[in-house]
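# Results of the structural survey
Next come the chains, spelled out residue by residue.
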Amino acid sequence: MITMSHSAAIGVEAHAEPKAKVRNLSLDRARTFLTLVVLLHHAVIPYTYFGHTDPTSWVGFDMIVLATDSFFMAMFFFLSGLFAWSGIARKGPASYLADRVRRLGIPFVICAFTVIPLAYYAISLRLNPEIGFSQFWWTTITKGPWPSGPIWFLWVLFAFDLIACLLYRLSPNLLDPINRLSLRGRRRPAEFFAVMLAVSAAFYVPGLMYFGPSNWFEFGPFSVQHGRVMLYATYFFFGAGIGVANIDRGLLSADGRMAKVSWDWMVLAIVPYCLLWVLIFIKREILGNPSPLPNWYEGIYAVCVTVFSVAIMFLILALFQRFRQSGSARLLDPMQAAAYGMFLLHYPITLWLQYWLFDYNWPAIAKASAVFVLTVILSWAATAALRKIPGASHVL
């Protein structure tokens, strides 16, 4: 009897006729949860202790911002990549890109000309109360600066999708090694964690040390942090590799070991997060907050961010797998269809709420709570209303 090697079997399964995408509740809930994290991040930023833009602040919000900023956008790229390679295989590169133009390109253009100027007008009014919106909008579009806010994610994700299509045309088997690693990760998730951590650090640490943490590429509404773009690419293509085939039998399988060791990921996330605060203390109290920071400092900081980012992503995915039947996890289900629209629409709602609350003598926690809750409600309601327009659900 002739037998097939494990590696060859994976290759056959990976490149068999692609099957239609099946919803994965754990991943859907993780994506919806991340959307709420984005809304929380933007809701509390003005009320942070360092660099706050509101008269009130609370150091606890600095803890939230440090954590969220260190992982949530990278995890979004990972989740987006999960269905990229299989989507290209199922639809073909041309059809897949046409779909991404509809889901990413059109929203980016519309938001760049409407949602984003409306959001930043609230900030402009605080600096120049006499300026009208039409004047602000025209100056933003023609002279700049033309900030992108959170929608920078859309054009960068489209660029990764385009690269994925080109790589798929070059070789449909290109990401098979990651897929094989994912299949082994069903029983040995630490192996996948170690490889992803090493590759992420190899791409992220040198970039952060060279460009620094605050250096952005900016061209009109197109912007992205120089030091993080390769980190985002790493997460995207690791996700794409998992999604080549057998996503339900690999690292993210419902009965895999990843969820069973979820508390180990918590320890791996807490330790580097605490070290980040130690480094922040050293920067401010010992080094005197110099600019630029020494290379050794940037390097250690980048390593801690990388470990924390990968570990907390594993933790979140593990928890949603482990407690997929719990009632608390199901609370996110009604919001799932609106999550993308909430991501696109929330920013002006958040900034205008912060603008209106600026002069009120409320505690920082009260202001941030009001902004977060109202942002969730209003962005959810606005998305639900827009999705009733014929054809809008294909974009939102």
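Shown above is the structure to which this text applies.
Model, not experiment: these values are computed from the prediction.

## Description of the overall build of the protein
When helices and strands are tallied, the protein shows 18 helices and two strands. In terms of overall size, the protein behaves like a compact globule, its C-alpha atoms giving a radius of gyration of 22 Å where 396 residues would be expected to give roughly 21 Å. Dimensions of the protein, computed from C-alpha atoms along their principal axes, come out at roughly 85 × 55 × 45 Å. The 396 residues of the protein split such that 50% are buried. Of the contacts formed within the protein by residues at least 6 apart in sequence, a portion of 81% connects residues at least 24 apart. If you average the places of the 30 positive and of the 19 negative side-chain charges in the protein, the two averages end up 8 Å apart.

## Details of the pairing of strand β2 (residues 222-225)
Pairing between strand β1 (residues 216-219) and β2: four bridges, direction antiparallel. Directly across from Phe219, in β2, lies its bridge partner Phe222. Taking the residues between adjacent antiparallel strands as the criterion, β1 and β2 are bridged by two residues, where Gly220 takes a positive phi near 60 degrees.

## Focus: a positive patch on the surface
Together, Arg187, Arg257, Lys260, Arg322 and Arg324 give the surface a local cluster of positive charge. Mapped onto the secondary structure, Arg187 falls in the loop between α10 (176-185) and α11 (189-211).

## A closer look at a nonpolar patch on the surface
On the surface, a nonpolar cluster with roughly 470 Å² of combined accessible area is contributed by Tyr49, Phe50, Trp58, Val59 and Ile365. For Val59, the location among the structural elements is in helix α3 (residues 59-69). A relative accessible area of 42% means that Val59 is categorised as partly exposed.

## So, helix α12 (residues 229-242)
The terminal C-alpha atoms of α12, which comprises 14 residues, lie 20 Å apart, in line with the 20 Å expected from a rise of 1.5 Å per residue. When α12 is considered as a whole, its buried residues turn out to be Leu231, Tyr232, Ala233, Thr234, Tyr235, Phe236, Phe237, Phe238, Gly239, Ala240, Gly241 and Ile242.

## Some thoughts on helix α17 (residues 339-357)
Taking 1.5 Å per residue, 19 residues should reach 27 Å; α17 reaches 25 Å between its end C-alpha atoms and fits that length. Its maximal kink placed at Leu345, α17 deviates by approximately 45 degrees, while the proline Pro348 follows within four residues. Within α17, 17 of the 19 residues are buried, leaving the element largely enclosed by the surrounding structure.

## Notes on the nonpolar core
Within the largest apolar cluster, 111 residues are counted, with the highest numbers of intra-cluster contacts made by Phe77, Phe78, Phe314 and Leu317. Here the element with the most residues in this core is helix α15 (residues 295-322); it accounts for 16 residues. Once residues lying within four places of it in the same chain are set aside, the contact partners of Phe77 are Trp152, Phe153, Val156, Leu157, Phe160, Tyr232, Tyr235 and Phe236. In this structure, Val44, Phe61, Leu357 and Ala364 belong to the second largest nonpolar core, which totals 11 residues.

## Details of the environment of Arg187
A C-alpha to C-alpha distance of 7.8 Å links Arg187 and Leu251, two positions 64 residues apart in sequence. Among all residues touching Arg187, those that are not within four sequence positions of it are Asp255, Gly256 and Arg257.

## Description of the pattern of salt bridges
Scanning all chains against the criterion turns up 11 salt bridges. Between Asp99 and Arg102 there is a salt bridge, with the nearest N and O atoms lying 2.5 Å from each other. Highlighted residues: Asp99 and Arg102, both in helix α6 (residues 93-113), separated by three residues, approximately one helical turn. The exposure class of Arg102 is partly exposed, given its relative accessible area of 34%. Residues joined by salt bridges that share partners form a network here, namely Lys91, Asp99 and Arg102.

## A look at the packing of aromatic side chains
Tallied over the entire structure, the rule returns 37 aromatic pairs. Seen from their ring centres, Tyr297 and Tyr301 are 6.1 Å apart, and the 20 degrees between their planes marks the pair as stacked. With Tyr297 and Tyr301 both in helix α15, this residue pair falls four residues apart, about one helical turn. Accessibility expressed as a relative area gives 1% for Tyr297, which makes it buried. A connected cluster of aromatic rings, assembled from ring pairs, spans Phe76, Phe77, Trp152, Phe153, Phe160, Trp216, Tyr232, Phe236, Phe237 and Phe343.

## Digging into unusual backbone geometry
Each neighbour pair has its own omega, and for Gly144 with Pro145 the value is -5 degrees, a cis peptide bond. By the secondary structure assignment, Pro145 is in the loop between α8 (133-142) and α9 (152-170). Residue Pro292 is bonded to the preceding Ser291 through a cis peptide linkage, with omega at 0 degrees. Mapped onto the fold, Pro292 is located in the loop between α14 (262-286) and α15. The phi angle at Asn246 is positive, at roughly 60 degrees, despite the residue not being glycine. A positive phi angle is found at Asn289, which is not glycine, with a value near 55 degrees. Locating Asn289 in the fold gives a position in the loop between α14 and α15.

## Digging into the packing of helix α7 (residues 115-127) against α17
α17 packs onto α7 with a crossing angle of 15 degrees between their chain directions and a minimal axis gap of 8 Å. What the angle tells us is that α7 and α17 run roughly parallel. The element α7 and its partner α17 pack so that their crossing is left-handed. The residues of α17 that touch α7, namely those facing Val115, Ile116, Leu118, Ala119, Tyr120, Tyr121, Ala122, Ile123, Leu125 and Arg126, are Leu344, Leu345, Tyr347, Pro348, Leu351, Trp352 and Tyr355. Residues of the contact of α7 with α17, tallied by class, amount to 16 nonpolar, no polar and one charged.

What counts, and where the lines are drawn
Residues numbered from 1 in each chain as written. Predicted model: local features only at pLDDT ≥ 70, side-chain atom pairs only at ≥ 80, totals over all residues. Heavy atoms only, no water. Helix = DSSP H or I, 4+ residues; strand = E, 2+ residues; numbered from the N terminus. Rg over C-alpha atoms; globule rule 2.2 N^0.38 Å. Buried < 20%, exposed > 50% of the residue type's maximum accessible area, 1.4 Å probe, protein only. Contact = heavy atoms within 4.5 Å. Lys, Arg positive; Asp, Glu negative; His and termini not counted. Charge placed at Lys NZ, Arg CZ, Asp CG, Glu CD. Pairing = 2+ DSSP bridges. Patch = residues over 30% accessible without salt bridge, like charges linked within 9 Å, V, L, I, M, F, W, Y side chains within 5 Å. Areas by Shrake-Rupley, 256 points an atom, 1.4 Å probe, with all protein chains shown as cover. Salt bridge = Lys/Arg side-chain N within 4 Å of Asp/Glu carboxyl O. Expected span 1.5 Å × (residues − 1). Bend = angle between axes of the 7 residues up to and from the residue. Core = buried A, V, L, I, M, F, W, Y, C linked by side-chain atoms within 4.5 Å. Phe/Tyr/Trp six-rings, centres within 6.5 Å; stacked < 30°, edge-to-face > 60°. Axes fitted to C-alpha atoms, helices over the stretch in contact; angles between N-to-C directions. Parallel < 35°, antiparallel > 145°, perpendicular 65-115°, else oblique. Left-handed = near helix turned anticlockwise from the far one by under 90°. Nonpolar A, V, L, I, M, F, W, Y, C, P; charged D, E, K, R; others polar.

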